[in-house]
Amino acid sequence: MQLPALRAENLTKRYGRVLALDALDLEVRAGEVFGWLGPNGAGKSTTIRLLLGLARPTAGRAMVFHVDAADVTVAHHLLAHVPADVALWPRMTGGEILDLLGNTGPGVDLKYRAELIERFELDPSRVAGTYSTGNRQKVALIAAFATRAPVLVLDEPTSGLDPLMEMQFRRVVMRARADGRTVFLSSHRLADVEAVCDRVGILRAGRLAEVTTVGELRTRHRTRITVTYDGDPPDLGWAAGVDDIEQTGPSALTFTVSGPPGPMLRELAATEITAISVREPTLEEVFVDYYGTAAR
Ligand SMILES: Nc1ncnc2c1ncn2[C@@H]1O[C@H](COP(=O)(O)OP(=O)(O)OP(=O)(O)O)[C@@H](O)[C@H]1O
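Quick notes on the rules
Residues numbered from 1 in each chain as written. Predicted model: local features only at pLDDT ≥ 70, side-chain atom pairs only at ≥ 80, totals over all residues. Heavy atoms only, no water. UniProt positions renumbered as here; feature names shortened; annotations may be inferred. Helix = DSSP H or I, 4+ residues; strand = E, 2+ residues; numbered from the N terminus. Buried < 20%, exposed > 50% of the residue type's maximum accessible area, 1.4 Å probe, protein only. Contact = heavy atoms within 4.5 Å. Areas by Shrake-Rupley, 256 points an atom, 1.4 Å probe, with all protein chains shown as cover. Pairing = 2+ DSSP bridges. Axes fitted to C-alpha atoms, helices over the stretch in contact; angles between N-to-C directions. Expected span 1.5 Å × (residues − 1). Domains from an automatic or database assignment. Near = heavy atom within 4 Å. Polar contact = N/O pair within 3.5 Å; in protein donor to acceptor, adjacent residues only side chain to side chain. Nonpolar A, V, L, I, M, F, W, Y, C, P; charged D, E, K, R; others polar.

- Per an unreviewed UniProt entry, the recorded name for the protein is ABC transporter ATP-binding protein, and the organism is Virgisporangium aurantiacum.
- The Sequence similarities (unreviewed entry) field of the UniProt record for the protein holds the comment "Belongs to the ABC transporter superfamily."
- In the Subcellular location (unreviewed entry) part of its UniProt record, the protein is described as follows: "Cell membrane".

Next up, the structure:
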């Protein structure tokens, strides 16, 4: 059995009266893309700070392969990270900062770094003080992915990126996976995680609610769909997985679908559909579906 890339054993963090992380036991396999999902305040960043050795556990421990995360100088030869709020040296250019960051980690693949600068359309000649939030995030992403670290730990890595850049991010994660690297990324957006992850852990008020595959997650949550049509409405009443059908306009229906969309698609194909819009549920809605209540 290969050693897990990341491991939490009874990992606990208390801030005064707040139990930010409660006895977490978790293993992230080497080579997988693992999503760390939870609503605001669930404890995602706390977990990441513990994995990075930026905070001390109240109890338990975090391991990066065979190294205790608290042993920062050794552990950080095995991982690269992107923090939630990227702070850069304002008078240095993006390029200078990439060099600086490259000199502190486990080594950089310069050829790949140049490719990443292109992909993310970063202008490395500008000083960081002029960068937008998204640009600062790009610098941190480029610096992390261009390292040779086998593990990447990313805290809400796409929060400042526009949709095109988010697509680039997804490609870069897939490439890291193909190269056998392990990616651990936190998000409160289901869609981000579903697009790139093999498995997800769902954190709720400091506690691990469950670990599941993205495929399994998809079969359980409900997607809301609106269709407009010409002529007769689609007869969705008997289509498996379709629920909550509502007439939302003179020739518009809104409904939810869970599980395989085949039966719904067959019914829609038999009708003259003129437009379709699909909205993925928010994490809060998924929680309501799973547990009957929204979460902290
Ligand atoms: N330094 C701190 N001092 C006191 N409380 C803290 C500290 N850091 C985090 N907390 C508390 O711990 C809990 C978990 O916070 P954490 O930042 O880990 O959540 P999160 O899941 O990352 O949320 P978000 O998506 O909003 O970033 C919250 O209740 C938060 O207020």
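1. With respect to the overall build of the protein
Phase 1 of the analysis: Scanning the protein for helices and strands turns up 10 helices and 14 strands.
Phase 2 of the analysis: Its C-alpha atoms give the protein principal-axis dimensions of about 65 × 45 × 40 Å.
Phase 3 of the analysis: Counting every position in the protein, which comprises 296 residues, the buried fraction comes to 46%.
Phase 4 of the analysis: In the protein, the proportion of contacts linking residues at least 24 apart, taken out of those at least 6 apart, comes to 67%.
Phase 5 of the analysis: Carbon and sulfur atoms provide 52% of the accessible area of the protein, an area that totals close to 14,300 Å².

2. A look at the sheet that holds strand E6 (residues 79–82)
Phase 1 of the analysis: Read across the sheet, six strands follow the order E6-E7-E8-E3-E9-E10 without closing on themselves; strand pairing throughout is mixed. Edge positions in the open sheet fall to E6 and strand E10 (207–213), since each of these has one partner strand only. Averaged over neighbouring strand pairs, the angle between their axes works out to 15° when direction is ignored.
Phase 2 of the analysis: Two elements, strand E3 (residues 33–37) and strand E9 (residues 199–204), share four bridges in a ladder whose sense is parallel. Paired with Trp 36 across the bridge in E9 is Gly 201.
Phase 3 of the analysis: Where helix H5 (residues 133–145) meets the sheet, its contacts fall on E6 and strand E7 (151–155), and the angle it forms with E6 comes to roughly 170°.
Phase 4 of the analysis: Its contacts with the sheet place helix H6 (residues 163–178) against E3, E7 and strand E8 (182–187), and it is angled at close to 145° to E8.

3. Re H5
Phase 1 of the analysis: With 13 residues, H5 extends 18 Å from end C-alpha to end C-alpha; this agrees with the ideal 18 Å at 1.5 Å per step.
Phase 2 of the analysis: The element H5 is largely enclosed, with a buried count of 11 among its 13 residues.
Phase 3 of the analysis: When we look at burial in H5, the residues that qualify are Gly 134, Asn 135, Gln 137, Lys 138, Val 139, Ala 140, Leu 141, Ile 142, Ala 143, Ala 144 and Phe 145.

4. Comments concerning unusual backbone geometry
Phase 1 of the analysis: Despite not being glycine, Glu 121 shows a phi value in the positive range, around 50°.
Phase 2 of the analysis: Structurally, the position occupied by Glu 121 is in the loop between helix H4 (110–119) and H5.
Phase 3 of the analysis: Glu 121 sits in the exposed class, given a relative accessible area of 60%.
Phase 4 of the analysis: Not every positive phi belongs to a glycine, and Glu 156 is a case in point at roughly 45°.

5. Considerations on the domain arrangement of the protein
Phase 1 of the analysis: Structurally, the protein comprises domain 1 (6–218) and domain 2 (222–279).
Phase 2 of the analysis: Placing the centre of domain 1 and that of domain 2 at their C-alpha centroids yields a distance of 38 Å.

6. Examining the site of the ligand
Phase 1 of the analysis: Surrounding the ligand, one finds 14 residues, the nearest of these being Gly 41, Gly 43, Lys 44, Ser 45 and Thr 46.
Phase 2 of the analysis: Residue Ser 45 places a main-chain N or O atom 2.7 Å away from an oxygen atom belonging to the ligand.
Phase 3 of the analysis: For the ligand, whose accessible area on its own is 640 Å², the fraction buried by protein is 62%.
Phase 4 of the analysis: Sorting the residues of the shell around the ligand by element identifies strand E2 (18–28) and helix H1 (44–51) as the ones contributing at least two each.
Phase 5 of the analysis: Per-element accounting of the shell around the ligand gives the leading share, four residues, to H1.
Phase 6 of the analysis: Among the residues making up the shell around the ligand, the classes are represented as five nonpolar, five polar and four charged.

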